[in-house]
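# A closer look at the structure
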Amino acid sequence: MAVAVEKQEPVQQLLKQGAEGKLYIGTYKGNRCLVKERFEKKYRHPALDRQLTRQRIKAEQKAFQRCAAAGLSTPALYGVDLEQRKIYMEYLEHSRTAKEFIDELTATTQADVLSESAQLKQLAEQIGHMVGVLHRNNLVHGDLTTSNMLLDPVEKDAEESVFPYRLVTIDFGLSHFSDNHENKGVDLYVLERAILSAHSQLPGLFEMILEAYREHNTNHCKETIAKYEEVRARGRKRTMVG
């Protein structure tokens, strides 16, 4: 059931616009928040567009709830407005994307040292844990990239300060509930392709993530990995054939 929201103040600052919607800094009950708005697709029939948008917003809302139930970190969900096509959520002002973190790390660290970086290993462990728990709970993200993962600073003891962040998963616009091994395998393949594209200087990063994934996905993990390898083989064949 959708969470009703009161009439909100006008959204303020546009952060990002993609193919599916816009992200703003706005307000919710007088507090600063992040607003995701799914705009109308003019090429669709209005009734169909309204129906699809409502379904996707509800699916995104359920993904937030399932992540919370599984113990995964996401921005807090404040509410949704189906009529205005908006989702109101926590704005993590001091966070940055995992992509930005890796790019900064690669710019300041030599390649031979980077592969042994404690920070990179901790990040890979957190990503593998997150995806493993998603799949263990039959939640397919649909758009796993390092741009859809935030690193939010947390206070840690000096001995644990090598990686003082919590991984926060965002953008569940393509997420869905599924116990299908191939859907999960495709999820892994999308992540691998995204990492190879965005972080080509770190060819071993995905394998580090996959190692942690195997540990945390206890729901038919072998079958999912097998499907991932099938999807990967098909992808390579398409690439070779053109």
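See the structure shown above.
Note that the structure is a prediction, hence the values are computed from the model and not measured.

### Description of empty space enclosed by the protein
- With the rule as written, the count across this model stands at 1 cavity of 30 Å³ or more.
- Approximately 40 Å³ is the volume attributed to the largest cavity.
- Lining the largest cavity, in full, are E20, R38, F39, K41, R44, D49, T53 and R56.
- Residues that form the lining of the largest cavity fall into these classes: 1 nonpolar, 1 polar and 6 charged.

### Things to note about the side chain of D152
- Within the fold, D152 resides in strand β8 (residues 149-153).
- When sequence neighbours within four positions are dropped, the list of residues in contact with D152 reads L92, S95, P164, Y165, R166 and V168.

### Things to note about the environment of A70
- Assignment of secondary structure puts A70 in helix α1 (residues 46-70).
- On the basis of relative accessibility, which here comes to 23%, the residue A70 falls in the partly exposed class.
- Once the C-alpha coordinates of A70 and V133 are considered, the two residues, 63 residues apart in sequence, prove to be 7.1 Å apart.
- Non-local contacts of A70, meaning those with residues more than four positions away in its chain, are made with V133 and N137.

About the thresholds
Residues numbered from 1 in each chain as written. Predicted model: local features only at pLDDT ≥ 70, side-chain atom pairs only at ≥ 80, totals over all residues. Heavy atoms only, no water. 1 Å grid on protein atoms, 1.4 Å probe; cavity = no way out; pocket = protein on both sides within 12 Å on 5 of 7 lines; lining within 4 Å. Points joined across faces, edges and corners; volume = space filled by probe spheres on them. Nonpolar A, V, L, I, M, F, W, Y, C, P; charged D, E, K, R; others polar. Helix = DSSP H or I, 4+ residues; strand = E, 2+ residues; numbered from the N terminus. Contact = heavy atoms within 4.5 Å. Buried < 20%, exposed > 50% of the residue type's maximum accessible area, 1.4 Å probe, protein only.

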